[in-house]
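Residue-level structural notes
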Amino acid sequence: MFKSKITGAGHYLPEKVVTNKDLEKIMDTTDEWIRERSGIEERRFAEYGKDTTANMGTKASRIAIERAGLTVDDIDFIIFATLSPDYYFPGPGTTVQYELGGKRTIAALDVRNQCSGFIYSLSVADQFIKTGMYKNILVIGSELHSSGLDLTTRGRAVSVLFGDGAGAVVLSRSEEEGKGILSTHLHSQGEFAEALYVRGPGNFTPRKYYPKMDEDYINTTPQMDGQLVFKNAVVRFTEVIMEALKTNNYTPADLNMFVPHQANLRISQFVQRQLKLTDDRVYNNIQRLGNTTAATIPIIISEMWEKNMIKENDLHVLAAFGSGFTWASALIKW
Ligand SMILES: CC(C)(COP(=O)(O)OP(=O)(O)OC[C@H]1O[C@@H](n2cnc3c(N)ncnc32)[C@H](O)[C@@H]1OP(=O)(O)O)[C@@H](O)C(=O)NCCC(=O)NCCS
């Protein structure tokens, strides 16, 4: 069987920076509340009519392909993770296939696993490469949350946490033993679907019944039981990281970097303490970008790539937890 390794990473962020002070002007919240509870100081919001979930993914992908030393026509398959697609259907993967402008009609798969979406997608890509079916796969996470958030006081418990952006990596075939994606670990627990969800549009809210439904029921903005999410996240993050380390006979002390999905700085810090990791071995960007859901981890990989923070033989663990509930980890030897 072949191995797979990340050979390029890129990201794209919308230009508009929205600070906590900016949010104070449109809802009853404070910079202090947001910083204390989540660590977030600012986030990016897309410009309507310019940025889309798909085209942000395309921009990130072009950079990833170039850094991998490849061209669009070397890419065999596109996997696109998002919870904020441009169309209800089709998903944005096919739009990226079109926007990249390659000569081939390569396959595009859309993955809906919210905050764990990128690691789920990486795992799918890894399987396709291991079996020899594809050589180079584009794995994208992109989110345009801002158009779907309730940016009023009613939605403040959720809307202050999220931001827009996209990241992408190229996963390529490799024959180096003991390097690349060492393993991926995926989990779900669907009984918690409504702890973090958007009810509609969907089959629970058929349009013909709207007149008989109350406003809360047909609400199309994200709803969350924040404390339940928090309590489950801290347990599952640690579990799924330990699962990845034990599978490969490593301990937390062997890690060069922990790349946590950025749901809340307090969640990352809690897990960091459990793993006894020093600050220089955890990468957080929630302060600048908020929670960018499926885009978070590929944005971090691309930021580390640009800052030359990834060294040969480094051991990194990626981990995510989110809506579904779903959670996942990937252990990488660079
Ligand atoms: C969302 C979260 C930051 C809220 O923190 P919390 O300490 O649980 O806060 P609560 O929801 O209990 O709310 C506390 C108070 O702040 C208020 N509040 C909520 N959002 C607010 C905001 N943006 N600004 C000011 N006040 C706010 C609430 O109304 C509540 O007021 P009350 O006590 O008068 O009723 C926290 O629960 C969390 O991070 N959960 C995990 C979220 C997550 O990871 N989501 C993504 C998963 S991928």
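The structure presented is a predicted model; accordingly, all values stated were derived computationally and were not measured.

**Brief notes about the packing of helix α3 (residues 53-67) against helix α4 (residues 92-100)**
Closest axis-to-axis distance for the α3/α4 pair is 9 Å, and the angle between their directions is 50 degrees. The orientation of α3 relative to α4 falls into the category oblique. Crossing geometry of α3 relative to α4 is assigned as right-handed. Contact residues: α3 offers T53, A54, N55, G57, T58 and S61, while α4 offers P92, T95, V96, E99 and L100. Of the residues assigned to the contact of α3 with α4, the class counts are 4 nonpolar, 6 polar and 1 charged.

**Overview of the domain arrangement of the protein**
Domain boundaries assigned for the protein yield domain 1 (3-174) and domain 2 (180-333). Centre-to-centre separation of domain 1 and domain 2, based on C-alpha positions: 14 Å. At the junction of the two partners, domain 1 supplies 49 residues and domain 2 supplies 42 residues. Counting only elements with at least two residues in the side of domain 1 that touches domain 2, the list comes to β1 (3-12), β3 (42-45), α5 (117-130), β6 (136-143), α6 (156-159) and β7 (165-174). Taken together, the residues that form the side of domain 1 that touches domain 2 break down as 19 nonpolar, 19 polar and 11 charged.

**A few points about the site of the ligand**
Looking at the ligand, there are 20 residues lining it, with T29, R156, G226, A263 and G322 nearest. For the shell around the ligand, the secondary structure elements donating two or more residues are α2 (31-38), α6 and α7 (226-247). In terms of residues, the shell around the ligand owes the most to one element, α7, which gives 5 residues.

**Considering the nonpolar core**
Counting residues in hydrophobic clusters, the biggest one holds 86 residues, and the most contacted among them are I79, I137, V139 and I140. Shared between two domains, this core holds at least three residues of each, these being domain 1 (3-174) and domain 2 (180-333). Look past the residues within four positions of I79 in its chain and what remains in contact with it is L109, V111, S121, V124, A125, I137, V139 and I140.

**Some details on the packing of α7 against helix α8 (residues 265-275)**
Orientation of α7 relative to α8, taken along the N-to-C sense of each, is 40 degrees, at an axis distance of 10 Å. With respect to α8, the axis of α7 lies oblique. Crossing geometry of α7 relative to α8 is assigned as right-handed. Residues F230, A233, V234, F237, T238 and I241 of α7 pack against I267, F270, V271, Q274 and L275 of α8.

**Remarks on the sheet that holds strand β4 (residues 77-81)**
One open sheet holds the 5 strands; their spatial order is β1-β7-β6-β4-β5, and the pairing between them is mixed. Edge positions in the open sheet fall to β1 and β5 (107-111), since each of these has one partner strand only. Each neighbouring strand pair of the sheet contributes to a mean axis angle of 20 degrees, computed without reference to strand direction. The pairing of β4 with β5 spans 5 bridges and is classified as parallel. Along β5, the bridge assignment pairs F80 with D110. Contacts between α5 and the sheet are confined to β1, β4, β5, β6 and β7, with β6 contributing the most and set at about 170 degrees to the helix.

**Description of α3**
Its 15 residues give α3 an end-to-end C-alpha distance of 22 Å, which sits within 8% of 21 Å, the value for a rise of 1.5 Å per residue. Within α3, 11 of the 15 residues are buried, which leaves the element mostly enclosed by the surrounding structure. Every buried residue belonging to α3 is among T53, A54, N55, M56, G57, T58, K59, A60, S61, A64 and I65, and all of these are buried. Residues of α3 that are buried in the fold lie against β1, β4, α4, β6 and β7. Where α3 terminates, the next one or two residues include G69, which has phi positive at roughly 75 degrees.

**Details of the environment of G200**
Here G200 lies in the loop between β9 (196-197) and β10 (223-224). Here G200 falls in the partly exposed class, since 17 other C-beta atoms lie within 10 Å of it. The spacing of G200 and E66 is 134 residues in sequence and 38 Å in space, taken between C-alpha atoms. Residues within four places of G200 in sequence aside, it is in contact with T205, I218 and T220.

**Considerations on unusual backbone geometry**
Look at the link from F89 to P90: it is a cis peptide, with omega at 0 degrees. One can find P90 in the loop between β4 and α4. Of note in this structure, Q114 is not a glycine but carries a positive phi near 50 degrees. Turning to its location among the elements, Q114 is positioned in the loop between β5 and α5.

**A word on the sheet that holds strand β11 (residues 257-260)**
The strand order across the open sheet formed by 4 strands is β8-β13-β12-β11, and the pairing between neighbours is mixed. Of all strands in the sheet, those bounded by a partner on one side alone are β8 (180-188) and β11. Sheet twist, expressed as the mean angle between neighbouring strand axes with direction ignored, is 10 degrees. As paired elements, β11 and strand β12 (residues 315-322) share 4 bridges and run parallel to each other. Among the inter-strand pairings, V259 is bridged to a residue of β12, identified as L318. Packing of α7 onto the sheet brings it into contact with β8, β11, β12 and β13 (326-333), and relative to β13 it is tilted by some 35 degrees.

Rules behind the numbers
Residues numbered from 1 in each chain as written. Predicted model: local features only at pLDDT ≥ 70, side-chain atom pairs only at ≥ 80, totals over all residues. Axes fitted to C-alpha atoms, helices over the stretch in contact; angles between N-to-C directions. Helix = DSSP H or I, 4+ residues; strand = E, 2+ residues; numbered from the N terminus. Parallel < 35°, antiparallel > 145°, perpendicular 65-115°, else oblique. Left-handed = near helix turned anticlockwise from the far one by under 90°. Contact = placed C-beta atoms within 7 Å. Nonpolar A, V, L, I, M, F, W, Y, C, P; charged D, E, K, R; others polar. Domains from an automatic or database assignment. Near = placed C-beta within 6 Å. Core = buried A, V, L, I, M, F, W, Y, C linked by C-beta atoms within 7 Å. Buried ≥ 20, exposed ≤ 12 C-beta atoms within 10 Å, placed from the backbone. Pairing = 2+ DSSP bridges. Expected span 1.5 Å × (residues − 1).

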